[in-house]
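Survey of secondary and tertiary structure
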There are 2 protein chains.
Amino acid sequence: MYEVSVIITAGGKGKRMGSSLPKQFMLIKDRPLLMHTIQRFYMYNPKWQLLVTLPEEWVNYWEELVVKYDFQIPHRIVTGGSERYHSIKNALEKCQGKIIAVHDGVRPMVSNDTIDHCFQAMKTRKAVVPVLQHKESIRSVSSGASRAEDRSRFRLVQTPQFFDAEVLMNAYTRPYGPEVTDDACLVEELGETVYLVKGNEENIKVTTKIDLVIAEHLL
Amino acid sequence: MYEVSVIITAGGKGKRMGSSLPKQFMLIKDRPLLMHTIQRFYMYNPKWQLLVTLPEEWVNYWEELVVKYDFQIPHRIVTGGSERYHSIKNALEKCQGKIIAVHDGVRPMVSNDTIDHCFQAMKTRKAVVPVLQHKESIRSVSSGASRAEDRSRFRLVQTPQFFDAEVLMNAYTRPYGPEVTDDACLVEELGETVYLVKGNEENIKVTTKIDLVIAEHLL
């Protein structure tokens, strides 16, 4: 039994960035991005269970990287399903924590404070996500038209998202729908309240070449 | 008469970044940030009228920078009022363009393409703003509770925002309200349709120290 299990999703197969190498394996500061991400959680608490979801066809490559970079942090590989939903479902079967955190593998700059804000809030909550306020104006669009929205009403959602294990497992017994991109939504549909804590500005999702440059510079 | 007048707003007085120097004057690549911004428009079309709004107490400082950095791009200084709204109102009195663009002085990385998308769209539209899709999940908050929103419905609004001069001037004859942070909203209240074009990802608003590092790296 662990206090916390962390599912780090690294299911990307490498299309969007115009490169055959999925972004979780790209080098930042001379190490694959995913190693930075894993390390963030290990540094916060080395006793947490770390699970990493990978596409089956990239598992061998990852294992070679682990040897090549002498990566010592204990973690368990779970092969992903066809979609993020299935990868998480696979990982949940291996989770032994009372609390489960789900984190994007391509967010290597999550801060110690962000992890701590989430974890501390879990003492009294069952679902906690880190968010940031918008710096830009926002418009909503529908059927070709758009209108201004009050940005103070909105928050940008980051990860890690923390859940009571029972609540998350319960949410994942529901059938898969392609609209599921966010675990907080799933849990919410079961009637759980999602509690918001402060994320960190550097905690960007690395999905483009520009993000990679930013990450390289900030790490 | 000019084809286009560009109002570049640089009214920041320097509080948010924990520094006494307003961010538009901070050095990026050995030049004040605002000079990069002005240059972007001059490079796109050197015949456009460029107006820069500055807080009155920083005008002398800017004039010293212009000499120190041998900044040759022609531009007219307009002193700002107490709020952004008043700065723009002052600038509008000097605008001679048939089209007026309003741009944040602290967005030095606006691309040629973004300016071009806006300007080309103005051939058939009266209000055009550049936007980007959200990469992150979004939640809305109200009275302590929050709920997931469909991010595909929302766009992040950038600048430059382009307007038919008559339309914008008309919008600014309305009395000032503190809720006015976006010119597109003002124009929209008069019944104009705001047309959206694609912005560029690098076109961030430099408001924090992290942004400054990113800008330094991307420029």
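Worth saying up front: this structure is predicted, and the values here are computed from it rather than measured. (Residues numbered from 1 in each chain as written. Chains lettered and ligands numbered in written order. Predicted model: local features only at pLDDT ≥ 70, side-chain atom pairs only at ≥ 80, totals over all residues. Heavy atoms only, no water.)

Turning our attention to the overall build of chain A. When helices and strands are counted, chain A shows seven helices and 12 strands. Against the globule reference of 17 Å for 219 residues, chain A gives a C-alpha radius of gyration of 17 Å, in line with a compact fold. Taking the principal axes of the C-alpha coordinates as reference, chain A spans close to 50 × 40 × 35 Å. By residue count, 53% of the 219 residues in chain A fall in the buried class. (Helix = DSSP H or I, 4+ residues; strand = E, 2+ residues; numbered from the N terminus. Rg over C-alpha atoms; globule rule 2.2 N^0.38 Å. Buried < 20%, exposed > 50% of the residue type's maximum accessible area, 1.4 Å probe, protein only.)

Turning our attention to the interface of chain B and chain A. At the junction of the two partners, chain B supplies 37 residues and chain A supplies 37 residues. Across the chain B to chain A interface the summed buried area is about 3,500 Å²; carbon plus sulfur atoms make up 56%. Counting the contacts that link chain B with chain A gives six salt bridges. Put simply, B:Arg139 and A:Glu188 hold a salt bridge, and the shortest N to O gap is 2.3 Å. Joining chain B to chain A, the criterion identifies 22 residue pairs in polar contact (both at pLDDT 80 or more). Of all the secondary structure elements, the ones that give two or more residues to the side of chain B that touches chain A are strand E8 (137–142), strand E9 (145–149), strand E10 (154–157), helix H6 (183–189) and helix H7 (209–218) of chain B. Of all the elements, H7(B) adds the most residues to the side of chain B that touches chain A, at six residues. Of the residues assigned to the side of chain B that touches chain A, the class counts are 15 nonpolar, eight polar and 14 charged. Alignment of strand E10 (residues 154–157) of chain A against E8(B), held across four bridges, turns out to be antiparallel. Residue pairing for E8(B): A:Arg155 is matched across the bridge by B:Arg139. (Contact = heavy atoms within 4.5 Å. Buried area = accessible area lost by both parts, 1.4 Å probe. Salt bridge = Lys/Arg side-chain N within 4 Å of Asp/Glu carboxyl O. Polar contact = N/O pair within 3.5 Å; in protein donor to acceptor, adjacent residues only side chain to side chain. Nonpolar A, V, L, I, M, F, W, Y, C, P; charged D, E, K, R; others polar. Pairing = 2+ DSSP bridges.)

A few words on the side chain of B:Ser140. Residue and element names in this part refer to chain B. For Ser-140, the location among the structural elements is in strand E8. Look at Ser-140 and you get buried, because its relative accessible area is 5%. Among the polar contacts made by the side chain of Ser-140, one reaches the side chain of Glu-149 at a distance of 2.7 Å.

Taken as a whole and assessed by the stated rule, the structure comprises 18 salt bridges over all chains. B:Glu201 is the partner of B:Lys135 in a salt bridge, and the nearest nitrogen-oxygen pair spans 4.0 Å. Here B:Glu201 lies in the loop between strand E12 (195–198) and H7 and B:Lys135 lies in the loop between strand E7 (127–133) and E8, a separation of 66 residues in the sequence. For the salt bridge of B:Arg174 with B:Glu189, the shortest nitrogen-to-oxygen distance reads 3.0 Å. One end of the pair, B:Arg174, is in the loop between helix H5 (165–171) and H6; the other, B:Glu189, is in helix H6, and 15 residues separate them in sequence. Since its relative accessible area comes to 32%, B:Arg174 is described here as partly exposed. Taking the relative accessible area as the measure of exposure, B:Glu189 reaches 52% and is therefore exposed. Members of the salt-bridge network, linked through shared partners, are A:Asp104, A:Arg107 and B:Glu136.

Below, the discussion takes up the packing of helix H1 (residues 33–44) of chain B against helix H4 (residues 112–121) of chain B. Residues and elements named next belong to chain B. H4 packs onto H1 with a crossing angle of 60° between their chain directions and a minimal axis gap of 10 Å. Here H4 runs oblique to H1, going by the angle between their axes. Relative to H4, the crossing made by H1 is right-handed. Here Arg-40, Phe-41 and Tyr-44 of H1 come into contact with H4, specifically with Asn-112, Ile-115, Asp-116, Phe-119 and Gln-120. In terms of residue class, the contact of H1 with H4 is built from four nonpolar, two polar and two charged. (Axes fitted to C-alpha atoms, helices over the stretch in contact; angles between N-to-C directions. Parallel < 35°, antiparallel > 145°, perpendicular 65-115°, else oblique. Left-handed = near helix turned anticlockwise from the far one by under 90°.)

Now for helix H7 (residues 209–218) of chain A. All of the buried residues along H7(A) are A:Ile210, A:Asp211, A:Leu212, A:Ile214 and A:Ala215. The elements touched by buried residues of H7(A) are strand E2 (27–28) and helix H1 (33–44) of chain A together with H7 of chain B.

Residues and elements named next belong to chain A. Counting through the fold element by element, Asn-200 comes out in the loop between strand E12 (195–198) and H7. In this structure the C-alpha to C-alpha distance between Asn-200 and Asn-112, which are 88 residues apart in sequence, comes to 9.4 Å. The contacts of Asn-200, once residues within four sequence positions are left out, are Met-109, Val-110, Ser-111, Thr-114, Leu-132 and Gln-158. Of note is the side chain of Asn-200, whose polar atom sits 3.2 Å from the backbone nitrogen of Ser-111. Looking at Asn-200, its side chain comes within polar contact range of the side chain of Thr-114, at 2.7 Å.

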